[in-house]
Amino acid sequence: MQRRSFLQSSAAISVAAVHAGSGPNARGDEASDDPVARMTQNLNPQIQQAREAALAVLKPTAAELERGLRLHAESLVFDSYGFSPRAAIDGTAMAAAIEDGASDQELEDLQEDMTMTRYVTNPSEQQEYRDAWNASGVTCIFQNAGQECQDPLRLMKRLARFTFATDVMKDFVSKAALPADIEAAKAAGRHTLYMTGNGVPLTQEWISKEDELQYVKIFFQLGIRMMHLTYQRRNMIGDGCGETSNAGLSDF
């Protein structure tokens, strides 16, 4: 099957995702030993509203709901390409940066840093982050740390933010390096991130194969466990899925 035909047929498959909205401040809820209780109790209003809407459509019996929730909660659930919950930006801090004349790049970095790390230090954002993870019943997420490019420094910047979060909150969510890390997290009632990139990190200097590929091992050692050869755009390896042409892989 041609790549585009596959992508077009795959586009019909959709996945419903629940995003945590404005929730309560840190409540000090005790973590339940029952995995189903962790998924269903003390939900913030946005998650509860979304769940009720889904139940209204599916109309499961009480027995079906209990069995489904139990199966999901007790399984090791691996989201093969998803995104861990993000935090809201601090509007006051963003406005102050704009007032101080921050550049477009500085504002982009500030916004990204807030959404990717603010739940580490802000109690309200952290509570919503924990709520979303617990309600999902997901053990591990293949978390994209890349962007629409293969710049090694760009990948390193995002990877550093996820590493910071998992270093500080390792009692709740950690960065997995091996499959056994995910199994251990499930047994302990914790969550993990398996890091990925939206492309192989390439300097784009095109000097030699050795020069171009030198970063692959480095990013493996930093925790990256999946890389796309290409993503949306074309690179020296081949066409991305967003290109109008269909040249496939390059000679490289």
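For the structure itself, consult the block above.
In this report, we go over the structure that sits alongside the text. (Residues numbered from 1 in each chain as written. Predicted model: local features only at pLDDT ≥ 70, side-chain atom pairs only at ≥ 80, totals over all residues. Heavy atoms only, no water.)

Its location among the elements puts Val138 in the loop between helix H7 (123–136) and strand S2 (140–144). Val138 gets classed as buried once you look at its relative accessible area, which sits at 12%. Between the C-alpha atom of Val138 and that of His191, which follows or precedes it by 53 residues, the distance is 7.4 Å. When near neighbours in sequence (up to four residues on either side) are disregarded, Val138 contacts His72, Val77, Asp79, Trp133 and His191. (Helix = DSSP H or I, 4+ residues; strand = E, 2+ residues; numbered from the N terminus. Buried < 20%, exposed > 50% of the residue type's maximum accessible area, 1.4 Å probe, protein only. Contact = heavy atoms within 4.5 Å.)

Structurally, the α-helix is built with 3.6 residues per turn, so residues lying three or four positions apart point the same way. For helix H8 (residues 152–168), which comprises 17 residues, the first-to-last C-alpha distance of 24 Å matches the rise-based estimate of 24 Å (1.5 Å per residue) to within 8%. Of the residues making up H8, those classed as buried are Pro152, Arg154, Leu155, Arg158, Leu159, Arg161, Phe162, Thr163, Ala165 and Thr166. (Expected span 1.5 Å × (residues − 1).)

What follows is about empty space enclosed by the protein. Throughout the structure, instances matching the rule amount to 2 cavities of 30 Å³ or more. Approximately 140 Å³ is the volume found for the largest cavity. Taken together, the residues that form the lining of the largest cavity break down as 6 nonpolar, 5 polar and 3 charged. (1 Å grid on protein atoms, 1.4 Å probe; cavity = no way out; pocket = protein on both sides within 12 Å on 5 of 7 lines; lining within 4 Å. Points joined across faces, edges and corners; volume = space filled by probe spheres on them. Nonpolar A, V, L, I, M, F, W, Y, C, P; charged D, E, K, R; others polar.)

The next point concerns the pattern of salt bridges. Under the criterion given, the structure shown has 12 salt bridges. Residue Asp113 is joined to Arg161 by a salt bridge in which the shortest nitrogen-to-oxygen separation is 3.4 Å. Residue Asp113 is found in helix H6 (residues 104–121), and its partner Arg161 is found in helix H8; the two are separated by 48 residues along the sequence. Taking relative accessible area as the criterion, Asp113 reaches 31% and is therefore assigned partly exposed. The buried category is assigned to Arg161, whose relative accessible area is 11%. (Salt bridge = Lys/Arg side-chain N within 4 Å of Asp/Glu carboxyl O.)

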